[in-house]
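What follows is the residue order along each chain.
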Amino acid sequence: MKENQLGKSGIMISALTLGCMSLGIDEKKAKNIIDMALERGITHLDTADLYDFGTNEEIVGKAIKGKRDKVVLTTKVGNHFNKETKDWHWDPSAKHITEGVKDSLRRLQTDYIDFYMLHGGTLDDPIDESIEAFERLKEEGYIRSYGISSIRPNVIREYVKRSTIDAVMMQYSIFDRRPEEELLDLLHANGISVLARGPLAKGMLSNQAKQKIEAKGSEGYLTHSYDDLQKYYETLSKTTFKGGLQELALQYVLKHPAVASAVFGSSSIEQLKANTGFSLEELSNETYLEIQQLVKPIQYENHR
């Protein structure tokens, strides 16, 4: 599988990322999915401390034991949680980031994290304090690189201006083209990569799109109506692209040079096979423009 550099870090990651949130809590099943992902060329695994209140990190850590050198490992911090009470609150403080990384390292059974992300963010955060904490962890060798997971353009711009982040994880798909207007070119110009999550739009851009639209899109998706989604399904299925809709959706988000990897979740071996059963050759300019004309763009609200 093709690999791309993560920002300016020198870290190379696979063009597809396995998002581990959907793995569930069955350790054997999760290990089988991760093992197959590695066999199929996926080297980048994405988790977060908040997923199942730490359990997801523990499961990932056990699954990659003895294979750490084959994996680029990403996790996230910023949600201060209590596993027993299942309560959490937002905490981007340096203290929490510094303590959080050590907890994640223990759960993941590793002594370093390749890419560490702030799991959200607002303009009211102590942004410089958060950045200093990540920079310190990098200097001390706990992490190799850092970034932010956010859909807020105003927050992302602050990190572009103030920090040395190597990547931003954000929602991006054919049905959610908001990053194209405000963020992709900006990030690319600054040598910052994008990790595109939700590229299949809750399965509505998968090979089971028709059923998923009926099940999950009855009230629309973002500002697209149910009728819009139905129309898009019909027209996208008739593009000049010869592969299936699932491959088209993944290739679309990978087309922009800012995007280093498309992040998908799999709760079964079957889902993993569906997401990796093609070559992912670059989408033609003709098909790329064709899609942009078929699906109307939407805009960000003024997020803080």
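Residues numbered from 1 in each chain as written. Predicted model: local features only at pLDDT ≥ 70, side-chain atom pairs only at ≥ 80, totals over all residues. Heavy atoms only, no water.

1. A closer look at the overall build of the protein
Move 1: Counting its regular elements, the protein contains twelve helices and twelve strands.
Move 2: What you see for the protein is a C-alpha radius of gyration of 19 Å, in line with the 19 Å of a compact globule of 304 residues.
Move 3: If one aligns the C-alpha atoms of the protein with their principal axes, the spans along those axes are about 50 × 40 × 40 Å.
Move 4: Within the protein, buried positions represent 56% of all 304 residues.
Move 5: Here the analysis covers contacts within the protein between residues at least 6 apart in sequence; of these, 75% occur between residues at least 24 apart.
Move 6: Within the structure as shown, the protein displays about 13,500 Å² of accessible surface, and the carbon and sulfur contribution to it stands at 46%.
Move 7: Charge separation in the protein, taken as the distance between the mean sites of 39 positive and 45 negative side-chain charges, equals 3 Å. (Helix = DSSP H or I, 4+ residues; strand = E, 2+ residues; numbered from the N terminus. Rg over C-alpha atoms; globule rule 2.2 N^0.38 Å. Buried < 20%, exposed > 50% of the residue type's maximum accessible area, 1.4 Å probe, protein only. Contact = heavy atoms within 4.5 Å. Areas by Shrake-Rupley, 256 points an atom, 1.4 Å probe, with all protein chains shown as cover. Lys, Arg positive; Asp, Glu negative; His and termini not counted. Charge placed at Lys NZ, Arg CZ, Asp CG, Glu CD.)

2. Some remarks on the packing of aromatic side chains
Move 1: With the rule as written, the count across this model stands at seven aromatic pairs.
Move 2: Their ring planes at 50 degrees and their centres at 6.3 Å tell us that Tyr172 and Tyr252 sit as a pair that is tilted. Pair noted here: Tyr172 is in the loop between strand S10 (167-171) and helix H6 (178-182) and Tyr252 is in helix H10 (residues 245-255), with a separation of 80 residues, a long-range link. Both residues of the pair, Tyr172 and Tyr252, belong to the buried class. (Phe/Tyr/Trp six-rings, centres within 6.5 Å; stacked < 30°, edge-to-face > 60°.)

3. Some points on the pattern of salt bridges
Two side chains with opposite charge may pair up if their charged atoms get near one another.
Move 1: For the coordinates displayed, the defined rule picks out 17 salt bridges.
Move 2: With a closest N to O distance of 2.8 Å, Asp35 and Lys31 form a salt bridge. With Asp35 and Lys31 both in helix H1 (residues 27-39), this residue pair falls four residues apart, about one helical turn.
Move 3: Classification of Asp35 as buried rests on a relative accessible area of 15%.
Move 4: Take Lys31: its relative accessible area is 34%, and that puts it in the partly exposed class.
Move 5: The residue Asp114 makes a salt bridge to Arg68 at a minimum N-O spacing of 3.0 Å. On the criterion of sequence distance, the pair formed by Asp114 in strand S8 (residues 113-119) and Arg68 in the loop between helix H2 (55-63) and strand S5 (72-77) is long-range, its members being 46 residues apart. (Salt bridge = Lys/Arg side-chain N within 4 Å of Asp/Glu carboxyl O.)

4. Overview of the pairing of S8
Move 1: Counting buried positions along S8 gives seven out of seven residues, so the element sits mostly inside the fold.
Move 2: Pairing geometry for S5 and S8, over four bridges, is parallel. Looking at S8, one finds that Lys76 is bridged to Met117.
Move 3: Inspection of the sheet shows S8 paired to strand S9 (residues 143-149) by six bridges, in the parallel sense. By the bridge assignment, Tyr116 is partnered in S9 with Tyr146.
Move 4: Of the crossover connections in this fold, the one passing from S8 over helix H4 (residues 127-139) to the parallel S9 is right-handed. (Pairing = 2+ DSSP bridges. Right-handed = clockwise from strand over helix to strand, strands pointing away.)

5. Quick word on the sheet that holds S5
The strands making up a sheet are joined through hydrogen bonds of the backbone, oriented either antiparallel or parallel.
Move 1: Spatially, eight strands are ordered S3-S4-S5-S8-S9-S10-S11-S12 in a closed barrel, and the strand pairing comes out parallel. Direction aside, neighbouring strands of the sheet carry axes that sit 30 degrees apart on average.
Move 2: Sheet analysis places S9 next to S10, joined by three bridges and oriented parallel. Paired with Gly147 across the bridge in S10 is Ala167.
Move 3: Where H10 meets the sheet, its contacts fall on strand S3 (16-19), strand S11 (193-197) and strand S12 (259-265), and the angle it forms with S12 comes to roughly 150 degrees. (Axes fitted to C-alpha atoms, helices over the stretch in contact; angles between N-to-C directions.)

6. Description of the environment of Leu294
Move 1: Mapped onto the elements, Leu294 comes out in helix H12 (residues 285-294).
Move 2: As a C-alpha pair, Leu294 and Asp228 span 66 residues in sequence and 10 Å in three-dimensional space.
Move 3: Leaving out residues up to four positions away in the same chain, Leu294 has contacts with Tyr232, Thr235, Leu236 and Thr239.

7. Quick look at the nonpolar core
Move 1: Leu18, Phe175 and Leu236 are the most contacted members of the largest nonpolar core, which has 81 residues in total.
Move 2: Tallying contributions element by element places H10 first for this core, with seven residues.
Move 3: Once residues lying within four places of it in the same chain are set aside, the contact partners of Leu236 are Ile174, Phe175, Leu205, Leu245, Leu248, Ile291, Leu294 and Val295.
Move 4: Of all hydrophobic cores here, the second largest spans eleven residues; its members include Leu6, Ile11, Ile13 and Met169. (Core = buried A, V, L, I, M, F, W, Y, C linked by side-chain atoms within 4.5 Å.)

8. As for the packing of H10 against H12
Move 1: Two elements in contact, H10 and H12, have axes separated by 11 Å at closest approach and are oriented at 100 degrees. Taken together, the axis directions place H10 and H12 in an arrangement best described as roughly perpendicular. Contacts between H10 and H12 involve Leu248, Tyr252 and Lys255 from the first element and Asn285, Thr287, Tyr288, Ile291 and Gln292 from the second.
Move 2: Its residues assigned to classes, the contact of H10 with H12 shows four nonpolar, three polar and one charged. (Parallel < 35°, antiparallel > 145°, perpendicular 65-115°, else oblique. Nonpolar A, V, L, I, M, F, W, Y, C, P; charged D, E, K, R; others polar.)

Honestly, that's just the spatial picture; any functional story needs more than this.
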